[in-house]
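Structural description and commentary
As a plain string of letters, each chain reads:
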Amino acid sequence: MQYLLLIYRNDAEYGKMDPAERKQMSAEYGVFTQAIVQSGHFKAGDGLQPTTTATTVRVRDGKMLTTDGPFAETREQLGGYYLVEAKDLDTALGLAARIPGAKSGSIEVRPVMIYD
Amino acid sequence: MTPVEVEKIFRDEAGRALATLIRLVGDFDLAEDALQDAFAVALERWSAAGLPTNPRAWLVNVGRNKAIDRIRRNVALRGKQQELTREILLNASAPCENSDGVLDDDMLRLIFTCCHPSFAAEVQVALTLRTVCGLTTAQVARAFLASEDAMAQRLLRAKQKIRLAGIPYEVPDRDALEPRLRGVLAVIYLVFTEGYAATSGEDLMRPDLAREAIRLARLLDALMPGRGEI
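Residues numbered from 1 in each chain as written. Chains lettered and ligands numbered in written order. Predicted model: local features only at pLDDT ≥ 70, side-chain atom pairs only at ≥ 80, totals over all residues. Heavy atoms only, no water.

**Examining the environment of B:L219**
Residue and element names in this part refer to chain B. The criterion, for reference: In this text, helices come from DSSP runs of H or I with a minimum length of four residues, and strands from runs of E with a minimum of two, each type numbered from the N-terminal end. Contacts: residue pairs with any heavy atoms within 4.5 Å of one another.
Tracing the sequence through the fold places L219 in helix α10 (residues 207–223). Sequence-wise, L219 and L108 are 111 residues apart; in three dimensions their C-alpha atoms are separated by 9.2 Å. The residues touching L219, leaving out its near neighbours within four places in the chain, are R16, M107, I111 and V132.

Right, here's the structure in full:
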């Protein structure tokens, strides 16, 4: 099965990290990504720019409405994701727990829909 | 045998038989339906010809054949290749390993799946009462003072989550066993306290629920002997 591991973090706190901490974190992400590429779980993954750069689009009555900012104002924001292949939910949860961001933020694990 | 006697034996064996059927057919709903079919046959057959030597193995084998019938009917209706593959796999699997060891493992798998931390505590309790203890949906609804419809919905969504989210049907390996076992014990404790001091409803105590909790704890103790925490 495929699972999307959504990495939520507090953008404001993330923005306040000093360069050394940031470097440390990105090194940890590098190690983790390498590890899951090698174990064959990795399908895709990216970090996202902060929600201050987000634009939300809706179409209502055929008209396109554009607003600045994320879909919903929340305490934690989507900061990145991994798409992984895992045999079951427990395996996916185990991968999620190893994401460096899990120590400060939260990881939402969602099974990817299969169309048959 | 009278139908009442047949029902009593069925009730005693249903949990373990269901646990094995779920592993064999890989689907909660299909296994439940197949076991109901097997019960219908048992009512007729056992009343007339008496009890088979190993009622549990009998239920698993008849249930498995009923599951194959059901898949076949589905294939005829929808002609799905995927279902057909499953049927072939099921047919190819050995008729049934009847050693008690294998059946016990299935029961443990079922308990750990029902008490998976990806369910809310209340859902873990409801699933365990329905599937492991073999209470009817109406009885589970009564334990929660919910309507039968609402409880049926909640159980349906939980079983969908097992399938869609890929919640494994297995006993967690050593690293994860401790926290997961604590989760299972928490569920048993919740069932017991609700029986000992009911939080809602007219009765002060619900001996039926306390009894189910004790039955569960004994079962777990028998399945995982020598663990102090149980």
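There's more to say after this.
**Remarks on the packing of helix α6 (residues 121–132) of chain B against helix α9 (residues 174–196) of chain B**
Residues and elements named next belong to chain B. Rules: Between the N-to-C directions of two axes lies an angle of 0 to 180 degrees, each axis being a line fitted to C-alpha atoms and, for a helix, fitted only over the stretch in contact. Any angle that falls under 35 degrees is termed roughly parallel, while one over 145 is termed roughly antiparallel, one within 65 to 115 roughly perpendicular, and all others oblique. Gly falls in the polar group here, along with every residue not listed as nonpolar (Ala, Val, Leu, Ile, Met, Phe, Trp, Tyr, Cys, Pro) or charged (Asp, Glu, Lys, Arg).
Relative orientation of the contacting elements α6 and α9 amounts to 80°, with a least axis distance of 10 Å. One element, α6, and the other, α9, form an angle in the roughly perpendicular class. Counting all contacts with α6, which are made through A121, Q124, V125, T128 and L129, the residues of α9 involved are G183, V187, L190 and V191. Partitioned by chemical class, the residues of the contact of α6 with α9 number six nonpolar, three polar and no charged.

**Considerations on the nonpolar core**
This is how the line gets drawn: By nonpolar core we mean a set of buried residues, namely Ala, Val, Leu, Ile, Met, Phe, Trp, Tyr and Cys, connected to one another through side-chain atoms within 4.5 Å. For the exposure calls, accessible area comes from a 1.4 Å probe over protein chains only, and a residue counts as buried if that area is under 20% of its type's maximum, exposed if over 50%, partly exposed in between.
Formed by 82 residues in total, the largest nonpolar core has its most connected members in A:L5 and B:L129. Here this core takes 11 residues from helix α1 (residues 3–25) of chain B, the largest share from any one element. If we skip the residues at most four places from it in the chain, B:L129 touches B:G134, B:L135, B:V140, B:A143, B:V191, B:L209 and B:E212.

**Section: the interface of chain B and chain A**
Our working rule: Computed with a 1.4 Å rolling probe, the buried area is the accessible surface lost when two parts are put together, summed over both parts. Put simply, a salt bridge is a Lys or Arg side-chain nitrogen that is within 4 Å of an Asp or Glu carboxyl oxygen. Here a polar contact means two N or O atoms within 3.5 Å. Within protein one must be a hydrogen donor candidate and the other an acceptor candidate, and residues neighboring in sequence count only if both atoms are side-chain atoms.
In this assembly, 10 residues from chain B lie in contact with nine residues from chain A. A buried area of about 660 Å², summed over both sides, lies between chain B and chain A, and 51% of it is on carbon and sulfur atoms. When the buried surface of chain B facing chain A is broken down by residue, B:A165, B:G166 and B:P168 rank first, second and third, together holding 45% of it. Counting the contacts that link chain B with chain A gives two salt bridges. For the salt bridge of A:K87 with B:E170, the shortest nitrogen-to-oxygen distance reads 3.8 Å. Linking chain B to chain A there are four residue pairs in polar contact (both at pLDDT 80 or more).

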